[in-house]
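Close look at the chain arrangement
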Amino acid sequence: MAQLLDGKALSEKLVAEISTKIATKSIELRAPHLAAILIGDHAPSKAYVNNKIKTCEKVGMASSLHSYSSDITEAELLNLIEKLNRDNTVDGILVQLPLPSHINSKRIIEAILPSKDVDGFHPLNIGNLAKGYDCFVPATPLGVTMLLDHYKIKTGGKHCVILGRSAIVGQPLSFLLARNGNPGNCTVTLCHSKTVNITHYTRQADILIAALGIPNFVKKEMVKPGAVVIDVGINRVEDLSKKAGYRLTGDVDFEAVQDIASWITPVPGGVGPMTIAALIFNTYKAWSERMM
Ligand code: NAD
C-alpha cells in the first residue's frame, strides 16, 4: 500500500514558516501585498482566488481583490495592471485564468511586470526557468517539487513521465525535473493528447505525474509497481449525495493505484494545497527582493 504525500500537512508547515518570517521582518517593513484580479463568475476561479486571499490573511500578508464582471474590456484590464505595476505597495500580481474569450490572455500576462509575476507565467520567467536561472516558478510545478523534496523522493536518474504539456503545469514541470539539480536530473517524457499508446510510457515511469484534467484517467494497469504517483488533476464530478452536487476527483484512480504505488498524492489534500503554499512562497520572494 502506497504512503501518502500529504500536501495539506506540508502546505500548513511551509505557510507557518513564512508567517513567522513575515512577523519578524515586517516589524520594520510593511507586510507583503498580493493583488488578485478576478474576472467574471466562474465558480472554481472564485473559489481558488478566495482561498489564496484567505491564506494571505493567515500568514500576515496584505491582499487586494480586484473583481470585475466579464464585460470588462481588454484596455481596462491593461490599465488596471499598469496601475498595479506602478504601485510600490504591491509585490505580487495574479490574474486568475481563464479569462473571457474577448480578452487576449497572452497580452494580459505579458503586461505584468516580471518582478511582480508571482504566478510565473510571464515569458521572461518561463524563459529563465528553461535556462535554469533564478525566476518565479509557476506555483503548481513548484508545489510538486516541494513535495518531492520534503518526502526525500529520489529523482536523480529516474524516469519521470508527465501527462499533459500545459504552459502552467506539464511544460514547466518538465523543465524542473530535467534540470541539473535536486529535485531534478530525471529523464523526462512529456506525454500529451497526441501521444500514441500512452500506457507504453506510463508503465516505464518511476515517477508518474498526471496533469491532464480527465477524472480517473490513470488506471492501475498503467502504473509500474513501486512508482511514485503525483496527481495534479482537480475535476468536479457530479455527486448528488454531496451538498454542492459534486465531488472533487483527480486524474488518477486513487483507490486502485494506491495498491501498487510506493507514494501517492490524494485529491483533495495533495498538490492543491501545495499550489497555494508555492504562491505564498513566491509572493514572499517578490516582497523580499523588492525590500532588499
Ligand atoms: P490543460 O487543459 O491546459 O492541459 C491539459 C493537457 O493534457 C494538454 O497538454 C493535453 O495535451 C493533455 N491531454 C489531454 N487529453 C489527454 C490524453 N487523453 N492523453 C494525454 N494527454 C492529454 O490543463 P491544465 O491547466 O494543465 O490542468 C490539468 C489538470 O490539473 C486539471 O484537472 C486542472 O484542474 C488541474 N490543475 C490543478 C492545479 C492544482 O493546484 N492542483 C493547478 C492547475 C491545474
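For clarity, every value in this text was computed on a predicted model and none was experimentally measured.

Re the packing of aromatic side chains
Tallied over the entire structure, the rule returns two aromatic pairs. Seen in terms of ring centroids, Tyr-151 and Trp-263 are 5.4 Å apart; in terms of plane orientation they differ by 55 degrees. Their pairing is tilted. Residue Tyr-151 is located in the loop between helix H6 (139–150) and strand E5 (159–163), and its partner Trp-263 is located in strand E11 (residues 263–264); the two are separated by 112 residues in the primary sequence. The class of Trp-263 is buried, set by a relative accessible area of 18%. Measuring from ring centre to ring centre gives 5.7 Å for Tyr-284 and Trp-287, while their planes differ by 50 degrees; the resulting arrangement is tilted. Residue Tyr-284 and its partner Trp-287 are located together in helix H10 (residues 271–291), separated by three residues, close to a single helical turn. In this structure, Tyr-284 and Trp-287 share a single accessibility class: buried. Above the ring of Phe-136, the side-chain terminus of Lys-285 is found at 5.5 Å from the ring centroid.

Considering the site of the ligand
Lining the immediate environment of the ligand, one finds 21 residues, of which Arg-165, Ser-166, His-192, Ser-193 and Thr-275 sit closest. In the environment of the ligand, an oxygen atom lies 2.6 Å from a nitrogen or oxygen atom belonging to the side chain of Ser-166. Within the side chain of Thr-275, a nitrogen or oxygen atom sits 2.7 Å from an oxygen atom of the ligand. Contact with the protein chains covers 71% of the free accessible surface of the ligand, which is 860 Å². For the shell around the ligand, the element with the highest residue contribution is H10, accounting for three residues. Its residues assigned to classes, the shell around the ligand shows ten nonpolar, ten polar and one charged.

Calculation rules
- Residues numbered from 1 in each chain as written.
- Predicted model: local features only at pLDDT ≥ 70, side-chain atom pairs only at ≥ 80, totals over all residues.
- Heavy atoms only, no water.
- Phe/Tyr/Trp six-rings, centres within 6.5 Å; stacked < 30°, edge-to-face > 60°.
- Helix = DSSP H or I, 4+ residues; strand = E, 2+ residues; numbered from the N terminus.
- Buried < 20%, exposed > 50% of the residue type's maximum accessible area, 1.4 Å probe, protein only.
- Lys NZ or Arg CZ within 6 Å of the ring centre and 35° of its normal.
- Near = heavy atom within 4 Å.
- Polar contact = N/O pair within 3.5 Å; in protein donor to acceptor, adjacent residues only side chain to side chain.
- Areas by Shrake-Rupley, 256 points an atom, 1.4 Å probe, with all protein chains shown as cover.
- Nonpolar A, V, L, I, M, F, W, Y, C, P; charged D, E, K, R; others polar.

These results come straight from atomic positions and should not be treated as a statement about function.
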